[in-house]
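As a plain string of letters, each chain reads:
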Amino acid sequence: MTMRIDVLTLFPEMFESPLSHSILKRAQQQGIVEIVLSNIREFAADAYRKVDDKPYGGGPGMVMMCPPVFACAEHVRSLRPQPGRLILLTPQGAPLTQAKAIELSREPRLILVAGRYEGFDERIREGLDAEELSIGDYVLSGGELAAMVVIDAVVRLLDGALGDEDSAANDSFGDGLLEYPHYTRPEEFRGMRVPQILLSGDHGRIAQWRLEQSLQRTQQRRPDLYAAWLARRQATNKTLKKDKNQEIET
Ligand code: 6GU
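What you see is a predicted model; the values in this text were computed from it and never measured.

## Comments concerning the packing of helix α7 (residues 203-221) against helix α8 (residues 223-236)
- The contact between α7 and α8 brings their axes to 5 Å, and the two run at 125°. By the angle between their axes, α7 is oblique relative to α8. When α7 is examined against α8, the residues Leu-215, Thr-218, Gln-219, Gln-220 and Arg-221 are found in contact with a partner set consisting of Pro-223, Leu-225, Tyr-226 and Trp-229.
- For the contact of α7 with α8, the residue count by class is five nonpolar, three polar and one charged.

## Details of the nonpolar core
- If you look at the biggest cluster of nonpolar residues, it comprises 26 residues, and the most contacted ones within it are Ile-5, Val-33, Leu-112, Val-150, Ile-151 and Val-155.
- Elements with a contribution of two residues or more to this core: β1 (3-9), α2 (22-29), β2 (33-39), β5 (85-95), β6 (109-114) and α6 (144-155).
- When residues in this core are grouped by element, the largest group, seven residues, is from α6.
- If sequence neighbours within four positions are ignored, Leu-112 has contacts with Ile-5, Asp-6, Val-7, Leu-8, Ile-87, Leu-89, Ala-147, Val-150 and Ile-151.

## Regarding the side chain of Thr-218
- Looking at where Thr-218 falls in the secondary structure, it is placed in helix α7.
- At 2.6 Å, the side chain of Thr-218 forms a polar contact with the backbone oxygen of Ser-214.
- Here Thr-218 is in contact with Gly-176, Leu-177, Leu-178, Pro-223, Leu-225 and Tyr-226, once residues within four sequence places are set aside.

## Some remarks on the domain arrangement of the protein chain
- Domain annotation of the protein chain identifies domain 1 (3-155) and domain 2 (188-249).
- For domain 1 versus domain 2, the distance between C-alpha centres works out to 39 Å.

## Some remarks on the site of the ligand
- Near the ligand the following residues occur: Leu-89, Thr-90, Pro-91, Leu-133, Ser-134, Ile-135, Gly-136, Tyr-138, Leu-140, Gly-142 and Ala-146.
- Within the side chain of Ser-134, an N or O atom sits 3.3 Å from a nitrogen atom of the ligand.
- In isolation the ligand exposes 290 Å². Once the protein is present, 96% of that is buried.
- In terms of residue class, the shell around the ligand is made up of seven nonpolar, four polar and no charged.

## A closer look at the sheet that holds strand β7 (residues 119-120)
- Judged by pairing direction, the sheet is mixed, and its three strands sit side by side in the order β3-β4-β7 without closing on themselves. Because the sheet does not close on itself, it has two edges, and the strands there are β3 (52-53) and β7.
- Pairing geometry for β3 and strand β4 (residues 63-64), over two bridges, is antiparallel. Directly across from Asp-52, in β4, lies its bridge partner Met-64.

Conventions we followed
Residues numbered from 1 in each chain as written. Predicted model: local features only at pLDDT ≥ 70, side-chain atom pairs only at ≥ 80, totals over all residues. Heavy atoms only, no water. Axes fitted to C-alpha atoms, helices over the stretch in contact; angles between N-to-C directions. Helix = DSSP H or I, 4+ residues; strand = E, 2+ residues; numbered from the N terminus. Parallel < 35°, antiparallel > 145°, perpendicular 65-115°, else oblique. Contact = heavy atoms within 4.5 Å. Nonpolar A, V, L, I, M, F, W, Y, C, P; charged D, E, K, R; others polar. Core = buried A, V, L, I, M, F, W, Y, C linked by side-chain atoms within 4.5 Å. Buried < 20%, exposed > 50% of the residue type's maximum accessible area, 1.4 Å probe, protein only. Polar contact = N/O pair within 3.5 Å; in protein donor to acceptor, adjacent residues only side chain to side chain. Domains from an automatic or database assignment. Near = heavy atom within 4 Å. Areas by Shrake-Rupley, 256 points an atom, 1.4 Å probe, with all protein chains shown as cover. Pairing = 2+ DSSP bridges.

Laid out in structure tokens, this is it:
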């Protein structure tokens, strides 16, 4: 069934280019996902189309107002029987992880709300039964780019979205490890050679080498992921096998 993603934003034009290229473009053309942009400003009631106001209690910046966001969200919710999971993109949200992306890819409908300014009136969270997501511990000028990141991470997981059905299974984080290094032609470039093993045609040894590379890289670059991987492996009591039942050192 086609997944539906509604995006509520003050800047729908920001989404046009990312949605009209590559995987996201093809997934929409193939009916794998339907992505609908709504401009929150069109739901502002007053003549000035006001969507933000000064914070009660004082302080810098502007806060997204309840009325236009509620009106826009209630309108898009009314277009379909499923209410959909409504997600505010904010730096205070739960972190977006691959596990979260997988969870979201199983939903029939998502409603992503991108905010600008200092943030949303708190009653938007309560009144719209919203979740909050962040894409990392740094500050963006608005939720638009974060919403695009969520869309990309989720849509590429939908059945048929990737050309090669295997490629999502091999992703970094799929098994909690970073990917091994990749090489393509030419065999030698400016004195740098492709590792000999990749030219050997020995698929067992190549798989073993790739796993070792993944483990090594993860240990060096992301000790947090490496520790989690080790703990998981111990918990499930799985043993890694070399081609012929030989344990590898990890
Ligand atoms: Cl979702 N929004 C903003 N404004 N900044 C962020 C973010 C979201 N995630 C990380 N930084």
